[in-house]
Amino acid sequence: MPIKTVTIFGTSRAGPGDSVYALALETGRLLARAGFAIANGGYGGTMLAAAQGASEAGGEIIGVTCSVFKAGANNYVTREIATNSLDERLDTLIELGQAYIALPGGTGTLLELAKVWELRNKGFLKPVKPIILLGEFWKPLVELLATDDPGCGRYVEPADDPEQAVKLINDY
């Protein structure tokens, strides 16, 4: 049976010493220990942290990079998939994942989360795959969107910590 892949979305602006960096490091580590490969954007910030955590646990790290950005993939990436556009990059990350974890982030992370969430909301994400919002960061957004679409929150799962996120994926 092929290894399952969890796609992780998160900020590129986090660094060592930041709480979200530590969160990503532990998430990558626990996913790898649970037998999952991880996929992410392959660069710095939480992408680097999750890749480092997964690498330290012996996991596979798929970095989906984009030719628009000049930086190369981080040193923990075990398989790089180079794309030619941001849309192709995001579509590849979504295609690779059997589950998704959204860490705190900015507009790029919001774009990633919004696309996978809307695909699930409209029934285009087949088979149905879990979308996990790690920590409290996205909770206000879910509450705001629920004022217009009360049922939208049923397509995302909150997780307080990486342990709970891995358990949600395993239980799915």
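Presented here is a report on the structure given in the accompanying data block. Along each chain, residue indices are assigned from 1 in the same order as the chain's sequence is written. Selection of residues for local features in this predicted model requires a pLDDT of at least 70, selection of side-chain atom pairs for listing and counting requires 80 or more, and totals for whole chains, interfaces and linings are taken over all residues. Computation of side-chain values covers all heavy atoms of the structure but excludes hydrogens and water.

## Description of the nonpolar core
Definition in use: Nonpolar cores are built from buried Ala, Val, Leu, Ile, Met, Phe, Trp, Tyr and Cys residues. Side-chain atoms within 4.5 Å join them into one set. Note on exposure labels: buried denotes an accessible area under 20% of the residue type's maximum, exposed denotes more than 50%, and partly exposed covers the range between, all computed with a 1.4 Å probe on protein chains only. In this description a helix means any DSSP run of H or I spanning at least four residues, a strand means any run of E spanning at least two, and both kinds are numbered starting from the N terminus. Residue contacts are counted whenever heavy atoms from the two residues lie within 4.5 Å of one another.
Membership of the largest hydrophobic core comes to 28 residues, with the highest contact counts inside it found for Val 6, Leu 31, Ile 101 and Ile 169. When residues of this core are traced back to their parent elements, those giving at least two are strand 1 (5-9), helix 1 (19-33), helix 2 (46-56), strand 5 (99-102), strand 6 (131-134) and helix 6 (162-171). A per-element tally of this core places helix 1 first, with eight residues. Those residues in contact with Leu 31 that lie beyond four places of it in its chain are Val 6, Ile 8, Phe 36, Ile 38, Ile 101, Val 166 and Ile 169. Counting 21 residues, the second largest nonpolar core, distinct from the first, contains Ile 62, Val 64, Leu 96 and Val 116.

## Here we look at a nonpolar patch on the surface
As a reminder of what qualifies: Put simply, a patch holds well-exposed residues, over 30% relative accessible area, that have no salt bridge, with like charges counted together within 9 Å and Val, Leu, Ile, Met, Phe, Trp or Tyr side chains within 5 Å. Exposure was quantified through the Shrake-Rupley algorithm and a 1.4 Å probe, taking into account, for residues, occlusion by the shown protein chains and nothing else. Salt bridges are defined as contacts in which a side-chain nitrogen from Lys or Arg sits within 4 Å of a carboxyl oxygen from Asp or Glu.
Taken together, Val 68, Phe 69, Leu 86 and Leu 111 make up a surface patch of nonpolar side chains, about 350 Å² in accessible area. Along the chain, the position of Leu 111 falls in helix 4 (residues 107-121). Given a relative accessible area of 42%, Leu 111 falls into the partly exposed group.

## A short note on the pairing of strand 2 (residues 37-40)
What counts is decided by this rule: Note on pairing: DSSP must find at least two bridges between two strands before they are called paired. Look down the strands so they point away from you; if the path from the first strand over the helix to the second goes clockwise, the crossover is right-handed.
The side-chain alternation of strand 2 yields two buried faces, one formed by Ala 37 and Ala 39 and the other by Ile 38 and Asn 40. One ladder, built from three bridges, connects strand 1 with strand 2; its direction is parallel. Note that in strand 2 the partner of Thr 5 across the bridge is Ala 37. With respect to chirality, the unit in which strand 1 leads through helix 1 into the neighbouring parallel strand 2 is right-handed. Direction of pairing for strand 2 relative to strand 3 (residues 61-66): parallel, over a ladder of three bridges. Of the residues in strand 3, the one forming a bridge with Ile 38 is Ile 61. For the segment spanning strand 2, helix 2 and strand 3, crossover handedness is right-handed.

## Describing helix 6
Heads up, the rule is: In this description, the arc belongs to the directions extending from the helix axis to the C-beta atoms. Pairs of N or O atoms are called polar contacts if they sit within 3.5 Å, as long as, within protein, a hydrogen donor faces a hydrogen acceptor (for residues adjacent in sequence, only side-chain-to-side-chain pairs).
Buried residues of helix 6: Pro 162, Ala 165, Val 166 and Ile 169, and no others. Take helix 6 and look down its axis: the buried residues cluster within an arc of 95°, on one side only. Exposed residues pointing more than 90 degrees away from the buried face of helix 6 are listed as Lys 167 and Asp 171. Among the structural elements, strand 1, helix 1, strand 5, strand 6 and strand 7 (157-159) are those in contact with the buried residues of helix 6. Regarding helix 6, its N-cap is Asp 161, as a side-chain oxygen of that residue lies 3.2 Å from the backbone nitrogen of Glu 163 further along.

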